[in-house]
Amino acid sequence: MSGNLAFIGAGRMAGAMVRGILNKGICEGHRITCTSAPDGTAEALARDTGIHCTYDWNTLLKNATWVILACKPQQLKELPADLGKLTAGKQILSILAGTTLSRLKEVFPESSNIIRCMPNTPGMIGMGITGFSPLNELDDEDEAQVRGMLGALGEVIRLPENSLDAVTGVSGSGPAYVFEFVAALRDGGVEAGLDEETAYKLALKTVQGAAALLKAVPETPETHRNWVSSPGGTTLAGLEVMGEANFREIIKKTVAAATHRSKELSGS
Ligand SMILES: NC(=O)c1ccc[n+]([C@@H]2O[C@H](COP(=O)([O-])OP(=O)(O)OC[C@H]3O[C@@H](n4cnc5c(N)ncnc54)[C@H](OP(=O)(O)O)[C@@H]3O)[C@@H](O)[C@H]2O)c1
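Owing to the predicted nature of the structure, the values given are computational and were not obtained by experimental measurement.

**Student:** If you had to explain the side chain of N120 to someone new, which residues and values would you point to?
**Tutor:** Among the structural elements, N120 can be located in the loop between β6 (113-118) and β7 (128-134). In this structure the side chain of N120 is engaged in a polar contact, spanning 3.0 Å, whose partner is the backbone oxygen of S171. Leave out the neighbours within four places in its chain, and N120 touches M13, G128, I129, S171, G172 and P175.

Below, the structure written as structure tokens:
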């Protein structure tokens, strides 16, 4: 890709994007600069990846074409008051949860375009999925650059902005639900008499394997479930407990709660 990248924030998600962009050869390290709050994550990321870091906002932004906003939503108000001027004519890519394009336009009024994105942490190993929505239409070259940068985290889908709260509810927060499921499966194994290490290994490999099987054999999750469930068998005995406990309703309510919180955060 052409141009220089400036990262505002150098934490988990910024680190995942930088490493993915470097690993996939999307942009060389000498064209990437990051900053953070003055307690060090920027230096650590620069040391670890070979990109530049600075705490001077002029140095960070003057030669940047793309500005990647990767601080926490609540840290937006701590950014310099003249950020709007410093980012005049630049393209902004924001991964902030629940922060709308109209809110971002207030912070970056002179930017040439703003792209709101919702990635997820599996992006740290290139196994993520990111939804994105631009403020203004993207020409082919810019769309390719956006997809290139977000592709560093894994799969990319373009959606209307009003879908990004639901994206947050499913894939943005979703990894935490799966981690919770793995922990519950592990604990079930321990209560059934296994040692914790064995129970965790079985739980993790089962979730990894089931997800890979779903991808490899493109049948519905319900069909795959039925293939494991022989009449009067062990699986059905387990699924009955999940059914009585309204497991599917619980997950639907979980997604609804995260989606609602994203809307609340964005004041919509
Ligand atoms: N983690 C996820 O699962 C996930 C998924 C989707 C979207 N997101 C979004 O991604 C964003 C980053 O999340 P994260 O998990 O990567 O958070 P994080 O690890 O806490 O990173 C935040 C970064 O912002 C820096 N920062 C804080 N105040 C700053 C300031 N005033 N100026 C410049 N930089 C500042 C922090 O610096 P210090 O460390 O030095 O304080 C840190 O480098 C959030 O907006 C979140 O909504 C996260």
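**Student:** Account for the environment of N4, with residues named and values stated.
**Tutor:** In this fold, N4 is placed in strand β1 (residues 4-8). Along the chain, N4 and M17 lie 13 residues apart, while their C-alpha atoms are 14 Å from each other. Excluding its chain neighbours within four sequence positions, the residues that come into contact with N4 are R31, N63, A64, T65 and W66.

**Student:** Residue-level account of the site of the ligand, with values.
**Tutor:** The full set close to the ligand counts 23 residues, and A10, M13, D39, T41 and C71 are the nearest of them. At a separation of 3.4 Å, an oxygen atom of the ligand approaches a polar side-chain atom of K72. Between the ligand and the protein, one listed contact pairs an oxygen atom with a backbone N or O atom of A97 at 3.0 Å. When the free accessible area of the ligand is taken as 900 Å², the share hidden by the protein chains comes to 85%. For the ligand, the cavity whose grid points lie within 2 Å of the majority of its atoms is the second largest pocket.

**Student:** Kindly report on the nonpolar core, identifying the contributing residues and their values.
**Tutor:** With 32 residues, the main nonpolar core has L5, F7, M17, I21 and L93 as its most contacted residues. When contributions to this core are tallied by element, the ones reaching two or more residues are β1, α1 (12-23), β2 (32-35), α2 (41-49), β4 (64-69), β6 and α6 (140-151). With six residues, the top contributor of residues to this core is α1. Residues contacting F7, with those up to four places away along its chain left out, are A14, M17, V18, I21, I32, T33, C34, T35, L60 and I68. Of all hydrophobic cores here, the second largest spans 19 residues; its members include A6, L60, L69 and F108.

**Student:** Got a sec to walk through the pattern of salt bridges? Specific residues and values, please.
**Tutor:** Should the charged atoms of two oppositely charged side chains come close, the side chains can pair. In total, this model carries 14 salt bridges according to the counting rule given. For D187, the salt bridge is made with R186, and the minimal N-O distance between the two is 2.8 Å. A single network of salt bridges, built from pairs that share partners, joins E137, E143, R147 and R158.

**Student:** For the packing of α1 against α2, give the residues involved together with the corresponding values.
**Tutor:** Two packed helices can be described by the angle between their axes and the distance between those axes. Between α1 and α2, the shortest axis-to-axis distance is 11 Å and the interhelical angle comes to 20°. The angle between α1 and α2 places the two elements in the roughly parallel class. The element α1 and its partner α2 pack so that their crossing is right-handed. Each of G15, V18, R19 and L22 in α1 lies in contact with α2, whose residues at this interface are L45, D48 and T49. Partitioning the contact of α1 with α2 into residue classes produces three nonpolar, two polar and two charged.

The rules behind the values
Numbering of residues begins from 1 in every chain and follows the order in which that chain's sequence is written. Given that this is a predicted model, residues contribute local features only at a pLDDT of at least 70 and side-chain atom pairs are listed and counted only at 80 or more, while totals for whole chains, interfaces and linings are drawn from all residues. Water and hydrogen atoms play no part in the side-chain values, which are based on all heavy atoms of the structure. Every helix listed is a DSSP run of H or I at least four residues long, and every strand listed is a run of E at least two residues long, numbered separately from the N terminus. N or O atoms within 3.5 Å of each other form a polar contact, as long as, within protein, one can give a hydrogen and the other can take it, and as long as residues adjacent in sequence are counted only when both atoms are side-chain atoms. Pairs of residues are marked as contacts when any of their non-hydrogen atoms sit within 4.5 Å. By convention in this text, a residue qualifies as near a molecule or strand provided that one of its non-hydrogen atoms is within 4 Å of it. Accessibility throughout is a Shrake-Rupley quantity obtained with a 1.4 Å probe, and a residue counts as covered only by protein chains that appear here. Any residue with an atom within 4 Å of a point lines the site, the site being either a cavity, points on a 1 Å grid over the protein atoms alone where a 1.4 Å probe fits but cannot get out, or a pocket, an open set with protein on both sides within 12 Å along at least 5 of 7 lines. Whether a molecule sits in a cavity or pocket is decided by its atoms, more than half of which must lie within 2 Å of the grid points. Residues belong to a common nonpolar core when they are buried Ala, Val, Leu, Ile, Met, Phe, Trp, Tyr or Cys residues joined through side-chain atoms within 4.5 Å. Residue burial is assigned from relative accessible area. The probe radius is 1.4 Å, only protein chains are included, and a residue is buried under 20% of its type maximum, exposed over 50%, and partly exposed in between. Salt bridge, as used here, is a side-chain nitrogen of Lys or Arg placed within 4 Å of a carboxyl oxygen of Asp or Glu. Helix axes are fitted only over the stretch in contact, all axes being lines through C-alpha atoms; the angle between N-to-C directions runs from 0 to 180 degrees. Under this scheme an angle from 65 to 115 degrees is roughly perpendicular, one under 35 degrees roughly parallel, and one over 145 degrees roughly antiparallel; angles in between are oblique. Take the far helix as the reference: if the near one is turned anticlockwise from it by less than a right angle, the crossing is left-handed, and if turned clockwise, right-handed. For this classification, the nonpolar set comprises Ala, Val, Leu, Ile, Met, Phe, Trp, Tyr, Cys and Pro, the charged set comprises Asp, Glu, Lys and Arg, and every other residue, Gly included, is treated as polar.

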